[in-house]
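The lines below spell out each chain.
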Amino acid sequence: MEDFEAPYAGIPTFLKFPHVNIKDIESLRNVDVAIVGVPLDETTTHRPGARLAPRAIREASTSFSGYSLRSKFDLNDLTIIDAGDVPVIPGNVEKSHMAIYETVKQLIKKNITSAIIGGDHSITYPAIKAHDILKENIGVIWVDSHLDFDNEYPPGQRYSHSCSLRRTSELPFIDPTNIVVIGYSGYASHPEHEEEVDKAGISRFSIYDIREEGLEKIAKKSVEIATKNTKSFYLSIDIDVLDPAFAPGSGLHEPGGLTPWELFKMLAILGQRMVAMDLVEVAPPHDSAGITASNATAIIIEALAAAYTYSLKKKE
């Protein structure tokens with residue numbers, strides 16, 4: 001028989017990369033990137049459904065080739081695996097976050113870049129926390145239409161998706177002056193949120209700053225801030241930074257967001273020097289056409305292509 005499989009046939013791993021059970025991380029050798037799903041949305045405070053994102057994005061990705069025309073880079077030139085999903089426990093945020101932490105930590109030990117598909121934005125905190133194993137400071141670039149800087153939201157919940165940036169800023173190896181938020185629009189925010197972010201020393205560029213100063217200028221500024229006295233940064237992308245026209249399936253979308261083209265152009269710069277990444281808050285039940293999952297796939301491709309284009313040029 002011919003060596004051919006239709007996009008809609010077979011097991012839908014991300015870009016049809018080979019599947020390696022996440023429990024077998026210890027046996028991995030010479031892997032560049034591991035795609036890891038985190039089907040968790042226990043802390044969602046608006047529209048649930050992000051737990052279904054890893055499966056939906058994998059399915060959407062099967063019609064993509066993995067090639068970035070912008071970067072002229074083909075992800076198939078790397079050794080990439082789909083490591084399946086972190087064994088989260090429905091209803092138990094603490095144990096689920098610990099599972100994320102341990103999984104990412106194992107990948108770092110193997111020098112494997114983790115590309116995580118969430119899940120709500122609470123998953124980013126334990127993923128970043130796992131980088132304590134590096135024994136060095138890293139920066140953080142947070143692409144999101146919200147600031148995610150509540151101390152507790154809802155009351156008594158310190159580890160929800162609304163608190164994830166604040167918890168991240170409290171990590172001992174994260175200097176808040178190396179954190180940048182890009183793309184927030186403010187419709188779900190309050191003036192005191194901006195004041196608290198500023199007081200912490202975190203840089204922020206709103207959707208209006210991007211429109212006025214330009215995509216490339218903001219992206220370059222962000223990388224400079226995140227890498228001042230650090231070697232690399234963690235890149236977290238909330239799908240709701242895109243306008244709802246392009247990402248109707250999200251937990252809490254905001255009017256006036258970026259277009260996919262604008263985000264791709266920024267990712268060509270933001271992908272540089274990233275140590276790991278995640279893409280969160282895709283909520284498939286709110287997008288029957290699968291537009292959001294398709295855009296999420298392209299975002300992951302563009303970020304990884306930019307990262308490896310940069311690293312290969314650096315080696316030359």
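Residues numbered from 1 in each chain as written. Predicted model: local features only at pLDDT ≥ 70, side-chain atom pairs only at ≥ 80, totals over all residues. Heavy atoms only, no water.

## Quick word on the sheet that holds strand 7 (residues 179-184)
Moving on, step 1. With parallel pairing, 8 strands are arranged side by side in an open sheet as 4-1-5-10-9-6-7-8. Among the strands making up the open sheet, the edge pair consists of strand 4 (80-85) and strand 8 (203-206). Across the sheet, the mean angle separating the axes of adjacent strands is 15° when strand polarity is ignored.
Moving on, step 2. Relative to strand 5 (residues 113-118), strand 1 (residues 33-38) runs parallel, the two being bridged by 6 bridges. Bridge pairing in strand 5 links A34 to S114.
Moving on, step 3. Across the sheet, helix 7 (residues 215-226) lies against strand 6 (139-143), strand 7, strand 8 and strand 9 (233-238), angled at about 155° from strand 7, the strand it touches most.
Moving on, step 4. Against the sheet, helix 8 (residues 260-270) touches strand 6, strand 7 and strand 9, its axis set at about 170° to strand 9. (Pairing = 2+ DSSP bridges. Helix = DSSP H or I, 4+ residues; strand = E, 2+ residues; numbered from the N terminus. Axes fitted to C-alpha atoms, helices over the stretch in contact; angles between N-to-C directions. Contact = heavy atoms within 4.5 Å.)

## Brief notes about the environment of D74
Moving on, step 1. Tracing the backbone shows D74 in strand 3 (residues 73-74).
Moving on, step 2. Residues D74 and Y308, 234 residues apart in the sequence, show an inter-C-alpha distance of 9.8 Å.
Moving on, step 3. Apart from residues lying up to four places away in sequence, D74 is in contact with S65, G66 and Y67.
Moving on, step 4. In terms of polar contacts, D74 uses its side chain to reach the side chain of N76, at 2.7 Å. (Polar contact = N/O pair within 3.5 Å; in protein donor to acceptor, adjacent residues only side chain to side chain.)

## A word on the nonpolar core
Moving on, step 1. Core analysis: the largest hydrophobic core is formed by 56 residues, its most contacted members being I57, L75 and L235.
Moving on, step 2. Among the elements that line this core, the one with the most residues is helix 9 (residues 291-315), at 11 residues.
Moving on, step 3. Discounting residues that sit within four places of it in the chain, L75 has contacts with L15, F17, G66, I80, I301, L304 and A305.
Moving on, step 4. In this structure, V36, V38, F173 and Y234 belong to the second largest nonpolar core, which totals 43 residues. (Core = buried A, V, L, I, M, F, W, Y, C linked by side-chain atoms within 4.5 Å. Buried < 20%, exposed > 50% of the residue type's maximum accessible area, 1.4 Å probe, protein only.)

## Digging into the pattern of salt bridges
Moving on, step 1. Here the structure, examined in full by the defined rule, presents 13 salt bridges.
Moving on, step 2. E5 is paired through a salt bridge with K16; the nearest N and O atoms lie 2.7 Å apart. Separated by 11 residues along the polypeptide, E5 in the segment before strand 1 and K16 in the segment before strand 1 bring together distant segments of the chain.
Moving on, step 3. Salt-bridge contacts for D41 lead to R51; the nearest nitrogen and oxygen are separated by 2.6 Å. Here D41, found in the loop between strand 1 and helix 1 (53-61), pairs with R51, found in the loop between strand 1 and helix 1; they are 10 residues apart in sequence, far enough to count as distant.
Moving on, step 4. The exposure class of D41 is buried, given its relative accessible area of 4%.
Moving on, step 5. A network of salt bridges, in which partner residues are shared, links D41, E42 and R51. (Salt bridge = Lys/Arg side-chain N within 4 Å of Asp/Glu carboxyl O.)

## Section: the packing of aromatic side chains
Moving on, step 1. Within this structure, the stated rule accounts for 1 aromatic pair.
Moving on, step 2. With a centroid separation of 5.7 Å and an interplanar angle of 40°, the aromatic rings of Y125 and Y159 are classed as tilted. Note that Y125 is positioned in helix 3 (residues 124-129) and Y159 in the loop between strand 6 and helix 4 (164-169), a separation of 34 residues in sequence.
Moving on, step 3. On the basis of relative accessible area, Y125 is assigned to the buried category, the value being 12%.
Moving on, step 4. Overall, the relative accessible area of 34% leaves Y159 in the partly exposed class.
Moving on, step 5. The lysine or arginine in question, K129, covers the ring of Y101, its NZ or CZ lying 5.7 Å from the ring centre. (Phe/Tyr/Trp six-rings, centres within 6.5 Å; stacked < 30°, edge-to-face > 60°. Lys NZ or Arg CZ within 6 Å of the ring centre and 35° of its normal.)

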